[in-house]
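# Chain and residue survey
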Amino acid sequence: MFFADMECNDSRLFDTTNNVTYFVIEQFYRFRYLYSNVHPFLSFILCVLGLLANGVHILVLTRPRMRHSSVHTVLVCIAISDMGTMTSYLMYITRFEFMTDKEGYSYFWALFLKCHAMLSIALHAITLYLVVLMAFIRLSAMKLTTSRWLDHTRALTSAIFIALFVFVMCVPTLLAHQIDETNRELTVNGMYYKYSVGFSTLMMQNGCLLMKANLWLTGICLKAVPCLLLLTFTIALIHRLRENNEKRKILIKEERAKKRGDFTTYMLLLMVTVFLFTELPQGIMAILNALFTTQFHQMVYLNLADVLDLLSLINCYVAFLVYRTLKSHPNPGAKTLVQRANSVEVASVRSPLFDKSAATTRPNSAQPTDF
């Protein structure tokens, strides 16, 4: 339906006459066949639970004492983006996996499938860039406690700009697919048409030139670049955290502060690992798709597409799970709920952003110290 065979007259990546290569490729197909029986049910459960978890996350972070935080503002945007991803995928799984129709679908569902191809990429890329934004905000705050990036309106404006930028970058993906008529049926109510979605004729011309360009755009701009930025900001954050820990050890001589700093560092590394593990493989595969479109797309990408979707769905849980983890490690120095609400304790970590022991109050500031 969606991934029709293609021939782009590009260079070959695999020597299919080699017995070892043939065996490895065969195992990819076997894996796809086995996992495809489990994937719809697993994805359905992840989507339903993820929508509930992120809904709770939004309700918590939009309470009056939390909504004026720049970090919380970005976290809410991330949760909304994740909910959009899971809603679109839930509809896709329900209609095209549980209620599949080999003869085709109505025009509405064909149009949805075409839009889903773009939305699934765009929403996930928005989430990734928003994580980069959070890392940037945290780094700015660690350098200057009066940073303008602590203003939640600036954070919201930046999030909106990121969303617009990513959607513009995903327009070629929308144009890369077209709706084709597959069947006609005469019913008592008249002629009934069925449609499917495939690669557009324009994209497949000139050796898949436009298709390759779109794959380069997706792999580099929507995957590799934000991952590189996140890694760069994370290294800078860890360096800054270590400097702060050394200063605190000298100033307060408190072992608990060191432990808290170590815990935060571990959380930073965990977040980086999760994002790099889920995003970099997709970016690398998109680039390989652009280089060896015919073979890599059919022999590798299609066989691992469900796994990549699963990683994306799991990634939608990161903010909520880390938020709950940090809530279970209260700051020993916090005395009241209000103090915790205005401190690092309520800051969720979708990205390596905060060092709880470094949190300080600014008496004359309208912006609460929240991370």
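Everything that follows concerns the structure shown earlier in this document.
The structure contained in this document is the topic of the report that follows. (Residues numbered from 1 in each chain as written. Predicted model: local features only at pLDDT ≥ 70, side-chain atom pairs only at ≥ 80, totals over all residues. Heavy atoms only, no water.)

### Structural notes on the environment of Asn303
The residue Asn303 is located in helix α9 (residues 293-315) in this model. Owing to a relative accessible area of 2%, Asn303 belongs among the buried residues under this scheme. Sequence separation of Asn303 and Gln27 is 276 residues, and the distance between their C-alpha atoms is 9.6 Å. Here Asn303 is in contact with Phe28, Tyr29, Phe31, Arg32 and Gln298, once residues within four sequence places are set aside. (Helix = DSSP H or I, 4+ residues; strand = E, 2+ residues; numbered from the N terminus. Buried < 20%, exposed > 50% of the residue type's maximum accessible area, 1.4 Å probe, protein only. Contact = heavy atoms within 4.5 Å.)

### A closer look at a nonpolar patch on the surface
Taken together, Phe41, Phe44, Ile45, Val48, Leu49, Leu52, Phe98 and Met99 make up a surface patch of nonpolar side chains, about 750 Å² in accessible area. Broken down by element, the residue count for the nonpolar patch peaks at six residues, all from helix α2 (residues 39-61). Among the structural elements, Phe41 can be located in helix α2. Looking at Phe41, the relative accessible area reads 53%, which means it is exposed. (Patch = residues over 30% accessible without salt bridge, like charges linked within 9 Å, V, L, I, M, F, W, Y side chains within 5 Å. Areas by Shrake-Rupley, 256 points an atom, 1.4 Å probe, with all protein chains shown as cover. Salt bridge = Lys/Arg side-chain N within 4 Å of Asp/Glu carboxyl O.)

### Considering the packing of helix α4 (residues 107-143) against helix α5 (residues 152-169)
Two elements in contact, α4 and α5, have axes separated by 9 Å at closest approach and are oriented at 145°. Crossing handedness for the pair α4 and α5: right-handed. Listed contacts from α5 to Met118, Leu119, Ala122, Leu123, Ala125, Ile126, Tyr129, Leu130, Leu133 and Ile137 of α4 are Ala155, Ser158, Ala159, Ile162, Ala163, Phe165, Val166 and Phe167. Looking at the contact of α4 with α5, its residues break down into 17 nonpolar, one polar and no charged. (Axes fitted to C-alpha atoms, helices over the stretch in contact; angles between N-to-C directions. Left-handed = near helix turned anticlockwise from the far one by under 90°. Nonpolar A, V, L, I, M, F, W, Y, C, P; charged D, E, K, R; others polar.)

### Re the environment of Gln205
Within the fold, Gln205 resides in helix α7 (residues 201-252). When the C-alpha positions of Gln205 and Cys8 are compared, they lie 8.4 Å apart, and in sequence the two are 197 residues distant.

### What to know about the pattern of salt bridges
A full pass over the atoms with the stated rule returns two salt bridges. Salt-bridge contacts for Glu26 lead to Arg30; the nearest nitrogen and oxygen are separated by 3.7 Å. Here Glu26 and its partner Arg30 are both found in helix α1 (residues 19-35), four residues apart, which amounts to about one turn of the helix. A relative accessible area of 29% places Glu26 in the partly exposed class. Judged by relative accessible area, which is 48%, Arg30 ranks as partly exposed.

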